[in-house]
Amino acid sequence: MLDSSEVPRCEIFSDATNVRESLHFHTSQLPTPGTPLDDEKPKRRIPQSDETPTKKPRLMLAESSNDAIDVVVKRRGCRRTVFRMLDLASISYPAEPHRMLLPSRNILQSFVSSHTSDVFKCHSRTEDSFVTPPYACAYSNEAKRGGVPLLAVATEQGSIHILDATKRKEWDCEPARVTLEPHDNGIFDVKWNADDTLLATASGDKSTRISSVETQQLLSILDGHTSTVKCVAWDPAHRDLLTTGGRDGMLCLYDLRVNNLSDQDEIPARSAVITITAAHGQDKVSGGRQKIRPLPRGITNILYPDDRPHGLVSSGSFDGILNYWDLRLPSNESSKRSPKKPSHNPLFSSIMDPTICHGARSRGITSMSQGSGPSAGLLFALGADSRLYIYSYPTLTPLRTETHPNLQTNSFYVRLATSPCGRWLASGSTSRAGSLFLFDISNAGRVAPSYGKRADGPISPTVRFRGQSGEIGAVDWAKDMVASCADDGTVRIWRPDLEVYENCISNSEEQKWDWFWST
């Protein structure tokens, strides 16, 4: 490599968002420790094409007025030491990815929902009730790219309703829906695989199940948890890998290619290939004569970062600390002798708990979502203290917090979702009014003061929508639409329509019978 004609360029990472900055020097220009610099004749430096020309004042010698020396006056640059790079990475952002964008609050305000064509009901499996509350929802990957908007809705009774949310005319019949029944208990999370052929469902029956969308058949049961499975995530880089997190504090990684099947039942069961116990620690138990085993802190949400195929970020129910796991690392050998210790250690964690800055005790994280586009390099987490926390990725450093006077999230059923364009964020709420909140996160990566100090003002304009009754827990985005699920057993679709919105504002008394819009 050193003998090649092309000289390798030296690059550094300028900040936490991994934006490469090319320096204007080459490795051949760096002195080696064994090269005496004073004994050799200095070489003339060749200026770069994009470098600003330096001034060359003429310095006259006192001995002879005819002799002159060209002295190059150069501006002293900032030394790129390791400590300075880390300091810059923690307090600043690059200008290009996080440049100021025009606020899109007017676009968010134009979202409307029809009473007839944008409402779906989750039918009950029993005869004693007509509808059942939805717990989770997820748009297909094709819907996020602008294809057919298929929405999978998980219910309290263990059913999955696959809805076609295509915009239709008023009073048109609802397209035929597909209903799956993989569980007999509540489903707390549902996710599509990369090619939208499989659905993974996490349930209160301590299992995760894989169902085929095409054949509507249950393919496999994933065992390993000792309590409710709260979240599931497919590995975007490997179609056969997925990870689950449960209330028992465990992270279980499954590989659908591994033949560890149990044919005792009609449906084959698979076991985890990697199990991480006490991923977010354990609760402390007061001393006494009777030995009480400490309870692990539950896992509330997990996600695979887009830029690291083997990484996993997890949040817990106890505090606002996020953990980053490298699933390729071996297990901790000491945990085999002491079951109280975690079987794996996170690669790194958040340096501080941001929830303690706004209360007397720590509060857990209910949901997470990662940014893209203008919000790339950021992680958004919804706290149980009704605040939205923004973290830097990959350092998981808390940056700032956002909130709304009417936002209530004191339940672990409330979720977050980022739009495919990366400019908007949707959040549910536990208020009885059935409120949906949309945040403009286009400028969420703007340089902010140190965490804990008061900022100049919120940088994420928020719009509130009211169109359902009871708690709104599950939300998700597709292209140009967002879905919200409420305890009243309904799923409502919100779409931007400026003409309808202006008509609703001008004729509110007449249009309130046909539409819901922002408040």
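Residues numbered from 1 in each chain as written. Predicted model: local features only at pLDDT ≥ 70, side-chain atom pairs only at ≥ 80, totals over all residues. Heavy atoms only, no water.

Engineer: Talk me through the overall build of the protein chain; I want residue IDs and the actual numbers.
Structural biologist: On a plain count of helices and strands, the protein chain comes out with 6 helices and 35 strands. Residue burial in the protein chain is summarised as follows: out of 519 residues, 47% are buried. In the protein chain, 53% of the contacts between residues at least 6 apart in sequence involve partners at least 24 apart. Entry remark: accessible area of the protein chain is about 28000 Å², with carbon and sulfur atoms responsible for 51%. (Helix = DSSP H or I, 4+ residues; strand = E, 2+ residues; numbered from the N terminus. Buried < 20%, exposed > 50% of the residue type's maximum accessible area, 1.4 Å probe, protein only. Contact = heavy atoms within 4.5 Å. Areas by Shrake-Rupley, 256 points an atom, 1.4 Å probe, with all protein chains shown as cover.)

Engineer: For the pattern of salt bridges, give the residues involved together with the corresponding values.
Structural biologist: This model, assessed by the stated rule, comprises 16 salt bridges. Measuring nitrogen to oxygen at the nearest pair gives 3.6 Å for the salt bridge that ties Glu181 to Arg125. Of this pair, Glu181 sits in the loop between β10 (178-180) and β11 (187-192) while Arg125 sits in the loop between β6 (119-121) and β7 (134-139), placing them 56 residues apart in sequence. Under the relative-accessibility criterion, Glu181 is labelled exposed at 52%. Across the salt bridge formed by Arg125 and Asp184, the nearest N and O atoms sit 3.2 Å from each other. (Salt bridge = Lys/Arg side-chain N within 4 Å of Asp/Glu carboxyl O.)

Engineer: Mind laying out the confidence of the model for the protein chain, listing which residues take part and the relevant values?
Structural biologist: Detailed reading of predicted coordinates is not advised where the pLDDT is low. Residues with a pLDDT of 70 or more make up 72% of the protein chain, whose mean pLDDT is 80. Element-level mean pLDDT values for the protein chain span from 38 in strand β1 (residues 9-13) up to 98 in strand β12 (residues 198-203). Counted against residues more than four places away or in other chains, residues 1-43, with its pLDDT under 50, gives 54 contacts. Counting interchain partners and residues more than four positions distant, the pLDDT-below-50 stretch residues 59-65 has 9 contacts. (pLDDT = per-residue confidence, 0-100.)

Engineer: If you had to explain the UniProt feature "repeat: WD" (unreviewed entry) in the protein chain to someone new, which residues and values would you point to?
Structural biologist: UniProt marks residues 180-221, 222-264 and 465-494 with the feature "repeat: WD" (unreviewed entry), using the numbering shown here. For the annotated span residues 465-494, helix accounts for 0% and strand for 67% of the residues, and the straight-line distance between the end C-alpha atoms is 9 Å. (UniProt positions renumbered as here; feature names shortened; annotations may be inferred.)

Engineer: Could you give an account of the packing of aromatic side chains, naming the residues involved and the relevant values?
Structural biologist: For the structure shown, the criterion picks out 8 aromatic pairs. A ring pair is formed by Phe465 and Trp494, whose centres lie 5.1 Å apart and whose planes are at 55°; its orientation type is tilted. Taken together, the residues Phe465 in strand β31 (residues 462-466) and Trp494 in strand β34 (residues 490-496) connect sequence positions 29 residues apart. In this structure, Phe465 and Trp494 share a single accessibility class: buried. Pairwise contacts between aromatic rings join Phe111, Trp424 and Trp477 into one cluster. Over the face of the ring belonging to Tyr413 we find Lys230, whose NZ or CZ atom lies 5.1 Å from the ring centre. (Phe/Tyr/Trp six-rings, centres within 6.5 Å; stacked < 30°, edge-to-face > 60°. Lys NZ or Arg CZ within 6 Å of the ring centre and 35° of its normal.)

Engineer: Just give me the short version of the sheet that holds β12, but keep the residues and values in it.
Structural biologist: An order of β11-β12-β13-β14-β18 is seen for the 5 strands of this open sheet, with the pairing classed as mixed. A strand with exactly one partner marks an edge of an open sheet, and here the two such strands are β11 and β18 (269-270). As paired strands, β11 and β12 are joined by 5 bridges and run antiparallel to one another. What sits directly across from Ile187, in β12, is Ser203. (Pairing = 2+ DSSP bridges.)

Engineer: Explain the sheet that holds β31 to me, using residue names and the numbers behind them.
Structural biologist: An order of β28-β29-β30-β31 is seen for the 4 strands of this open sheet, with the pairing classed as antiparallel. In the strand order of this sheet, the two ends are held by β28 (416-418) and β31, each with one partner. On average, each strand axis in the sheet is inclined to that of its neighbour by 20°, with strand direction left out of account. (Axes fitted to C-alpha atoms, helices over the stretch in contact; angles between N-to-C directions.)

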